[in-house]
Amino acid sequence: MIRYDLHAHSTFSDGLLTPAVLVERAAARGVDVLALTDHDDTAGLAEAGDAARAAGITLVHGAELSVSWEVHTVHVLGLNVDAANAEFAAGLASIRSGRDSRAVKMGESLARAGIPGAYDGARRFVTSDRLISRSHFARFLVEAGHARETRDVFKRYLTQGKPGFVTHAWATLPDAVAWIHAAGGLAVIAHPGRYRVTATGMRRLLSEFRDAGGDGIEVHSSSHTTAQFTEYATYARAFGLLGSIGSDYHGPGESYVDLGGLPPLPAGVDPVWTRW
Ligand code: AMP
Ligand code: MN
Ligand code: MN
Ligand code: MN
């Protein structure tokens with residue numbers, strides 16, 4: 001059986017491993033088909049492609065797009081994209097462009113909460129000059145002793161209502177889907193179980209997503225419990241969406257589920273990879 005992992009990060013966004021090391025790790029763990037899905041960027045794909053050829057596995061070109069939907073931030077994976085597509089590349093650039101000023105504001109917010117120097121501190125953890133994220137602030141806050149591990153940081157800082165959180169306007173859901181489709185890719189809602197919405201809100205999200213032309217949802221995600229695997233398989237069938245599998249791996253010590261660590265999709269869910 002072919003093992004798929006269609007959601008992973010490298011040092012070109014907030015992952016800890018370079019694309020080459022990430023791909024080698026995936027191959028060593030028995031992954032046959034890996035998608036590199038850095039946040040709002042595709043700059044790691046060239047290196048990942050070389051490594052995948054050397055390791056004899058298949059690399060799917062992807063990205064994870066940051067989207068604002070109602071009051072929520074929702075992540076939409078673009079899978080099997082042509083990263084050179086101009087409309088797609090311009091869309092990603094427009095999402096990235098707001099990140100630095102947001103980070104400056106996050107630093108100011110943390111300073112008001114008694115933590116000075118967070119912007120410069122987070123910058124020291126940045127591994128791509130194209131992108132700064134909350135993960136880099138989280139690593140700084142752990143290093144500076146404000147929390148024991150990354151998970152605790154997000155509970156105490158950096159999330160809605162906590163110091164360090166700054167409201168930000170990302171891409172719209174229809175724009176993100178349109179950019180992904182312009183690049184010939186499939187649009188997949190990442191880790192649906194993570195969004196703080198009611199069942200009604202989830203149905204509204206999935207119907208708006210489907211109306212925008214969205215293709216699939218991550219059924220098996222490291223953010224999901226086994227009960228949620230079943231729940232999102234049911235949503236996939238009910239909304240006529242394809243299913244995907246993604247560990248959302250960020251690196252050793254930061255991710256519960258390693259590359260290739262999730263089970264195959266249940267029967268009755270059409271996998272995204274049947275469409276490429
Ligand atoms: P950003 O795109 O800058 O808002 O950063 C989002 C990233 O922060 C996500 O992709 C995760 O890598 C990380 N993150 C968000 N929430 C958590 C959490 N509760 N625990 C660990 N990492 C998180
Ligand atoms: Mn991330
Ligand atoms: Mn995400
Ligand atoms: Mn991710």
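Provided above is the structure to which this section pertains.
Residues numbered from 1 in each chain as written. Chains lettered and ligands numbered in written order. Predicted model: local features only at pLDDT ≥ 70, side-chain atom pairs only at ≥ 80, totals over all residues. Heavy atoms only, no water.

### Points about the packing of helix α3 (residues 86-97) against helix α8 (residues 173-182)
Relative orientation of the contacting elements α3 and α8 amounts to 145°, with a least axis distance of 7 Å. The hand of the α3/α8 crossing is left-handed. Along the contact surface, α3 presents Glu87, Phe88, Gly91, Ser94 and Ile95, while α8 presents Ala178, Trp179, Ile180 and Ala182. When grouped by side-chain class, the residues that make up the contact of α3 with α8 number 6 nonpolar, 2 polar and 1 charged. (Axes fitted to C-alpha atoms, helices over the stretch in contact; angles between N-to-C directions. Helix = DSSP H or I, 4+ residues; strand = E, 2+ residues; numbered from the N terminus. Left-handed = near helix turned anticlockwise from the far one by under 90°. Contact = heavy atoms within 4.5 Å. Nonpolar A, V, L, I, M, F, W, Y, C, P; charged D, E, K, R; others polar.)

### Digging into the coordination of the manganese ion (ligand 2)
On the protein side, the manganese ion (ligand 2) has Asp14 (OD), Asp14 (OD), His39 (NE2) and His250 (NE2) as donor atoms, found 2.1 to 2.8 Å from it. Taken together, the 6 donor atoms coordinating the manganese ion (ligand 2) span angles of 51 to 151° at the metal, a pattern that classifies the geometry as irregular. All donors of the manganese ion (ligand 2) belong to a single chain; written as a sequence motif, their spacing is D-x24-H-x210-H. Between the manganese ion (ligand 2) and the manganese ion (ligand 3) the interatomic distance amounts to 5.6 Å. Here His39 is found in the loop between β2 (33-36) and α2 (45-55), whereas its partner His250 is found in the segment after β7 (242-246), with 211 residues between them in sequence. (Donors = N, O, S within 2.8 Å, 3.2 Å for Na, K, Ca; no water. Tetrahedral: all angles 85-135°; square planar, octahedral: opposite > 155°, others 65-115°.)

### Some words on the pattern of salt bridges
Applying the stated rule across the entire model yields 12 salt bridges. For Glu149, the salt bridge identified is with Arg151, shortest N-O distance 3.4 Å. Judged by relative accessible area, which is 34%, Glu149 ranks as partly exposed. Salt bridges sharing common partners tie together Arg25, Arg29 and Asp258. (Salt bridge = Lys/Arg side-chain N within 4 Å of Asp/Glu carboxyl O. Buried < 20%, exposed > 50% of the residue type's maximum accessible area, 1.4 Å probe, protein only.)

### A closer look at α2
Among the residues making up α2, those that are buried are Leu45, Ala48, Gly49, Ala51 and Ala52. On an axial view of α2, the arc spanned by its buried residues comes to 170°, and they lie on one face. Facing away from the buried side of α2 by more than 90 degrees, the exposed set consists of Ala46, Arg53 and Ala54. For α2, the elements touching its buried residues are α1 (19-28), β2 and β3 (58-69). (Arc of directions from axis to C-beta.)

### As for the pairing of β3
Taking burial as the measure, the 12 residues of β3 include 9 buried ones, the bulk of the element. Sheet analysis places β2 next to β3, joined by 4 bridges and oriented parallel. Among the inter-strand pairings, Val33 is bridged to a residue of β3, identified as Thr58. Hairpin connection from β3 to strand β4 (residues 72-79): 2 residues lie between these consecutive antiparallel strands, with Glu70 at a positive phi of about 50°. (Pairing = 2+ DSSP bridges.)

### What about the site of ligand 1?
Taken together, the neighbourhood of ligand 1 is formed by Asp14, His39, Arg99, Arg102, Ser133, Arg134, Ser135, Phe154, Arg194 and His250. Contacts to ligand 1 include Arg99, whose side-chain N or O atom sits 2.9 Å from an oxygen atom. Separating an oxygen atom of ligand 1 from a side-chain N or O atom of His250 is a distance of 2.9 Å. For ligand 1, whose unbound accessible area comes to 500 Å², protein coverage reaches 79%. (Near = heavy atom within 4 Å. Polar contact = N/O pair within 3.5 Å; in protein donor to acceptor, adjacent residues only side chain to side chain. Areas by Shrake-Rupley, 256 points an atom, 1.4 Å probe, with all protein chains shown as cover.)

### What about the sheet that holds β2?
Read from one edge to the other, the open sheet built from 7 strands follows the order β1-β2-β3-β4-β5-β6-β7, with strand pairing classed as mixed. Looking at the sheet topology across the chains shown, the edges are occupied by β1 (4-5) and β7. As paired strands, strand β5 (residues 186-189) and strand β6 (residues 216-221) are joined by 2 bridges and run parallel to one another. Note that in β6 the partner of Val188 across the bridge is Gly216.

### Concerning the nonpolar core
Formed by 52 residues in total, the largest nonpolar core has its most connected members in Leu6, Leu65, Phe88 and Ile217. The element best represented in this core is helix α10 (residues 226-239), accounting for 6 residues. If we ignore the near neighbours within four places in the chain, the residues touching Phe88 are Thr42, Ala63, Leu65, Val81, Asp82, Ala83, Trp179, Ile180 and Ala183. Judged by nonpolar contacts, the second largest core, of 18 residues, contains Ala20, Val31, Leu34 and Ala83. (Core = buried A, V, L, I, M, F, W, Y, C linked by side-chain atoms within 4.5 Å.)

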